[in-house]
Amino acid sequence: MADSWVNSAERIGADLHVELAGSGSRRAALIRALRAAVQDGRLAPGTRLPPYRSLAADLGLARNTVADAYAELVAEGWLTARQGSGTRVATRAEPVRAARMPKKVPRRATAPAHNLMQGQPDAGSFPRGAWLSAARRALHAAPNEAFGPGDPQGRIELRRALAGYLARVRGVRTAPERIVICSGFAHALRLLFGGQVLRGPLAVESYGLAFHRSLLAAEGVRTVPVGLDEGGARVAELTEEAALKGVRAALLTPAHQFPTGGPLHPERRAAVIDWARARGRVILEDDYDGEFRYDREPVGAVQGLDPERVVYIGSVSKSLSPAVRLGWMVLPEQLVDPVLAAKGQREAWASVLDQLTLADLIESGAYDRHVRRMRQRYRGRRDQLLAALDEHAPHITAAGIAAGLHAVLRLPPGTERAVLKAAAWQGIALDGLAAYRHPDATMPGQDGLVVGYATPPDHAYQAALDALCRALPPAT
């Protein structure tokens with residue numbers, strides 16, 4: 001049956017859009033339309049045209065009319081006809097360029113020689129073979145209903161896999177019914193606040209992503225900064241500071257404060273849970289790189305202390321790739337239905353095929369193997385950065401080095417802008433710490449560089465470090 005269908009399709013021919021306009025006979029109109037299509041490039045040289053019988057049926061013309069049009073265009077050199085090869089656009093029939101519409105050459109910004117931007121995993125390390133194998137297995141095992149409209153909560157296969165994985169690796173207490181699949185952290189914020197599941201004001205750490213603050217501001221959410229120190233967010237301010245008494249939720253990065261580094265102190269983890277319980281508040285836990293810890297056992301999720309007070313949010317943007325638009329929210333029971341209502345029945349859900357593939361990747365153990373392999377590689381990158389500093393700039397200290405994909409280099413006060421300028425002269429793309437500071441933060445500012453060590457390919461990493469060291473200020 002399949003061969004018969006293919007042969008039938010070949011006999012019918014490909015579709016071809018032509019408009020028979022203008023005066024004269026239908027044959028003349030068809031010749032003009034085909035000639036124009038070749039001239040303006042819509043029919044490229046070598047393109048095979050439909051058999052004249054098929055085109056005649058499509059256009060409602062007599063077969064002889066189309067056959068005569070083809071024959072005339074062959075005679076003029078626009079088309080070629082060969083037995084067994086059909087009728088094709090002649091290779092010499094190049095499209096005519098309109099003189100009055102010159103092609104503009106877009107200006108391309110010069111790419112930096114060294115990319116040390118934070119937040120980007122090693123793109124060349126995406127587990128293509130494992131992903132492809134998981135996709136094949138997932139497609140083979142998927143029930144037919146998986147290819148239907150879908151479930152706004154996400155595929156049950158992925159939610160089951162995540163429930164087991166997050167419990168085992170991050171200490172999250174949940175069940176598949178409490179997980180909602182989204183396309184990443186930003187999508188989760190839009191659902192929670194754009195969908196009015198939660199309302200502001202929202203307490204945030206004094207240093208964090210400006211993109212997230214802008215997203216919240218666009219949803220009408222006011223963010224109030226909480227100070228930071230070596231123990232992470234100073235959560236005592238949630239009750240002590242007058243400006244924070246009205247907040248309804250707090251957004252924290254407890255496992256690895258972003259971007260300054262360091263986990264939230266155990267006493268503060270317990271204190272923020274007590275605050276949420278006593279005041280009926282919610283904690284948003286951004287576990288953006290919790291799997292990548294190098295010098296000690298991973299710090300478990302705050303969510304494990306009280307699943308009814310914490311919204312746990314994660315994604316694969318750091319562990320796999322930001323190109324895989326998959327994330328998840330582990331929700332308190334009372335927030336599941338409101339979040340699903342915010343998603344709606346026609347929401348642009350994450351790809352079901354990607355969800356099934358990720359579920360297989362986790363269940364097969366391939367995801368664990370990939371994370372372990374990348375943990376080892378990123379730790380090597382981190383150590384290489386520290387070795388370069390020790391050799392060329394021992395007066396510069398690095399913070400936040402126990403985990404993640406970036407480190408913060410502490411700079412002498414007042415030098416950040418000058419160092420960033422020097423880095424740009426060295427062809428380095430990276431951020432200063434000031435770019436992450438909340439505009440209303442009251443804690444003293446710090447000068448520093450946020451250095452992402454995961455992005456450069458292996459062969460280019462040492463050169464990037466050498467350029468970075470040349471840009472650093474000398475010892476005083």
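Here the structure is shown first, and the text comes after it.
Since the structure is predicted, the reported quantities are computational estimates derived from the model, not experimental observations.

Cut-off values and rules
Residues numbered from 1 in each chain as written. Predicted model: local features only at pLDDT ≥ 70, side-chain atom pairs only at ≥ 80, totals over all residues. Heavy atoms only, no water. Phe/Tyr/Trp six-rings, centres within 6.5 Å; stacked < 30°, edge-to-face > 60°. Buried < 20%, exposed > 50% of the residue type's maximum accessible area, 1.4 Å probe, protein only. Helix = DSSP H or I, 4+ residues; strand = E, 2+ residues; numbered from the N terminus. Lys NZ or Arg CZ within 6 Å of the ring centre and 35° of its normal. 1 Å grid on protein atoms, 1.4 Å probe; cavity = no way out; pocket = protein on both sides within 12 Å on 5 of 7 lines; lining within 4 Å. Points joined across faces, edges and corners; volume = space filled by probe spheres on them. Nonpolar A, V, L, I, M, F, W, Y, C, P; charged D, E, K, R; others polar. Pairing = 2+ DSSP bridges. Axes fitted to C-alpha atoms, helices over the stretch in contact; angles between N-to-C directions. Core = buried A, V, L, I, M, F, W, Y, C linked by side-chain atoms within 4.5 Å. Contact = heavy atoms within 4.5 Å. Polar contact = N/O pair within 3.5 Å; in protein donor to acceptor, adjacent residues only side chain to side chain.

### So, the packing of aromatic side chains
Ring pairs (aromatic) are described by centroid distance and by the angle formed between their planes.
Consideration 1: Inspection of every chain in the model, using the stated rule, returns five aromatic pairs.
Consideration 2: Between F126 and W131, the ring centres sit 5.8 Å apart and the planes meet at 55°, which makes this aromatic pair tilted. Neither residue differs from the other here; F126 and W131 are each classed as buried.
Consideration 3: Summarising the aromatic geometry, the rings of F258 and Y288 are spaced 5.4 Å apart at their centres and angled 85° between planes, so their arrangement reads as edge-to-face. Of this pair, F258 sits in the loop between β9 (249–252) and α10 (266–279) while Y288 sits in the loop between β10 (282–286) and β11 (310–315), and the two are 30 residues apart along the sequence. Neither F258 nor Y288 differs from the other in exposure class; each is buried.
Consideration 4: Within the aromatic cluster, the residues linked to one another by ring pairs are F258, Y288 and Y436.
Consideration 5: Above the face of the Y461 ring, R381 is positioned so that its terminal group lies 4.8 Å from the ring centre.

### Some remarks on empty space enclosed by the protein
Consideration 1: Tallying each qualifying case throughout the model produces two cavities of 30 Å³ or more.
Consideration 2: In terms of lining, the largest cavity is formed by Y165, L166, R170, D287, G290, E291, Y312, G314, S315 and W328.
Consideration 3: When its residues are assigned to classes, the lining of the largest cavity shows four nonpolar, three polar and three charged.
Consideration 4: Approximately 30 Å³ is the volume found for the second largest cavity.
Consideration 5: Every residue lining the second largest cavity is listed: R170, A255, H256, D289, G290, R293, V299 and A403.
Consideration 6: Class assignment for the residues of the lining of the second largest cavity results in three nonpolar, two polar and three charged.

### Things to note about the sheet that holds strand β12 (residues 327–330)
Consideration 1: Across the sheet, which stays open at both edges, the seven strands sit in the order β4-β12-β11-β10-β9-β5-β6 with mixed pairing between neighbours. The open sheet has two edge strands, β4 (179–182) and β6 (223–226), and neither has a second partner. In this sheet, neighbouring strand axes are inclined to one another by 20° on average, regardless of whether the strands run parallel or antiparallel.
Consideration 2: As judged from the four bridges shared by β10 and β11, these two strands associate in the parallel manner. Note on β11: the bridge partner recorded for L284 is V311.

### Observations regarding the nonpolar core
Consideration 1: Residues W328, L358, Y367, L449, L468 and L472 are the most contacted members of the largest nonpolar core, which totals 58 residues.
Consideration 2: Here this core takes eight residues from helix α13 (residues 366–392), the largest share from any one element.
Consideration 3: Residues in contact with L449, not counting those within four places in the same chain, are A407, V408, L409, L411, V419, L420, L430, D431, G432, L468 and L472.
Consideration 4: The next biggest cluster of nonpolar side chains, apart from the first, holds 28 residues, and it includes A188, L189, M329 and L340.

### Some details on the sheet that holds strand β16 (residues 431–432)
Consideration 1: Taken together, four strands build an open sheet; the order of strands is β13-β14-β17-β16 and the sheet is antiparallel. Two strands in the sheet have a free side with no partner beyond their single neighbour: β13 (397–399) and β16.
Consideration 2: Sheet topology note: the β13/strand β14 (residues 406–410) ladder contains three bridges and is antiparallel. Bridging across to β14, A398 finds its partner in L409.

### Regarding the environment of S317
Consideration 1: Following the sequence through the fold, S317 ends up in the loop between β11 and β12.
Consideration 2: The sequence separation of S317 and G184 amounts to 133 residues, and the corresponding C-alpha distance is 7.6 Å.
Consideration 3: When neighbours within four sequence positions are excluded, S317 is seen to be in contact with P121 and P322.
Consideration 4: Of note is the side chain of S317, whose polar atom sits 3.1 Å from the side chain of S315.

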